[in-house]
Amino acid sequence: MNFSKMYNRYINKKGEVVGVANLKTSYMGIELKNPIIMGASTLSGNLDFVKKQEKNGIAAVVYKTIFEKDIQLENLEVSEELNEYEERNAEMINPSSKIDDFGPESHILKLKEFKENLSIPVIASLNAINKSSWIEYAKKIEETGVDAMEINLFYSPESFEKTSCEIEKEQVDILREVRKTVKIPVSVKLSPYYTNCLNMIKQFQEAGADGFLLFNKFIEPEIDVENEKFKIQWNISHLDENSHSLKFIGTSFKNIEADICAGTGIITSDDIIKMILVGAPAVQIVSAFYKDNEDVVQELLLGLSQWMDKNNYDSISKFRGKLAKCNLANPYSYNIAQYLDILKDSTEILNEHHTI
């Protein structure tokens, strides 16, 4: 069977999977037609692009993150523009310079537009600074009718005095306040840099988290040595970046009630299968759109469906968590002991090579 015919067997013109396998899953209580969610990025803020992915079969979308720093910058720019016209009469003021067109209001309006124009679940993403801002924006976001909210707790240390305990406590308190404010499901987008990610997952769940995204990927600084200045680094994910997520998802499965979604380094259908095998009910993709093409979702769904049919899995639940730590007879695959075994085996192989 050629690729075209095989493809048509699994996915119809509407982007719906029609193979033997049932790809339905659930994330934070939200029913999804398959495990693939479009993660937050510039692309996820483009309604036309997201509509195309909806046709291709994407199960849900996380609208691009609303950053309080960006909102503050916009407000400052608008304030300066309005002040520029203080000494002129009303007819001379640029009619497009309205404070209501900027700040959180414009972001909220765009988010509401997404929800009204898409049939798939829409998840908001928020990164604020002050606790009062988290509460204010969380309320406004819920009013748009979105299905859930992802809070992006990115923190860039700027002080030598602030301890890790203080930072972690602040973040847990933020989640607790947001959870008191909204009724929709709330997930936490985690950084991989906590000393003990498992403990933080436990703390966040106790504070009310319904789900987690592992892990956040940051834009790191880079320097152009020729011009001796900083530059923006194109920081897309690669295939070898999902092992950290795999480890913590597999370790957490059945040990916490919240769902853990996999992110970073989800490029191929094999990556999706791996994450489901260790316990993830869903994955988020971003870099795959940039690395491959706009129709990558169909290719991922095809690969997942074919693998499930080949292995006689008629639903996601039949193999989800099969290789999680709690389900292994030998759980040391998740521990450093396995690393030592690998080093030992490698040494033996090298010794054998040198004796030949």
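Quick note: structure is the one above.
Residues numbered from 1 in each chain as written. Predicted model: local features only at pLDDT ≥ 70, side-chain atom pairs only at ≥ 80, totals over all residues. Heavy atoms only, no water.

*Asks:* An account of the overall build of the protein is needed here, citing residue identities and associated values.
*Replies:* Broken down by element type, the protein carries twelve helices and 13 strands. Across the 356 residues in the protein, those meeting the buried criterion constitute 46%. If you take every contact in the protein between residues at least 6 apart in sequence, the share linking residues at least 24 apart comes to 70%. (Helix = DSSP H or I, 4+ residues; strand = E, 2+ residues; numbered from the N terminus. Buried < 20%, exposed > 50% of the residue type's maximum accessible area, 1.4 Å probe, protein only. Contact = heavy atoms within 4.5 Å.)

*Asks:* Any chance you could break down the packing of aromatic side chains for me, citing the residues and the numbers?
*Replies:* Tallied over the full model, the rule gives six aromatic pairs. Relative to tyrosine 313, the ring of tryptophan 307 has its centre 5.5 Å away and its plane inclined at 25°; by these criteria the two rings are stacked. No difference in accessibility class separates tryptophan 307 from tyrosine 313, as the two residues are buried. Through pairs of rings, three or more aromatic residues link up here, namely Trp307, Tyr313 and Phe319. (Phe/Tyr/Trp six-rings, centres within 6.5 Å; stacked < 30°, edge-to-face > 60°.)

*Asks:* Summarise the pairing of strand β12 (residues 259–262); cite the residues concerned and give the values.
*Replies:* A two-sided burial pattern is seen for β12, the buried positions comprising Asp259 and Cys261 on one face and Ile260 and Ala262 on the other. Alignment of strand β9 (residues 211–214) against β12, held across four bridges, turns out to be parallel. The residue of β12 that forms the bridge with leucine 214 is alanine 262. (Pairing = 2+ DSSP bridges.)

*Asks:* Please give an account of the pattern of salt bridges that cites residues and values.
*Replies:* When their charged atoms lie close together, side chains carrying opposite charge are able to pair. In this structure the tally under the stated criterion is eight salt bridges. Ionic pairing is found between arginine 179 and aspartate 210, a salt bridge with its closest N-O pair at 2.8 Å. Note that arginine 179 is positioned in helix α6 (residues 164–181) and aspartate 210 in the loop between α7 (197–206) and β9, a separation of 31 residues in sequence. Among the ionic contacts, a cluster of salt bridges with common partners joins Lys169, Asp173 and Arg176. (Salt bridge = Lys/Arg side-chain N within 4 Å of Asp/Glu carboxyl O.)

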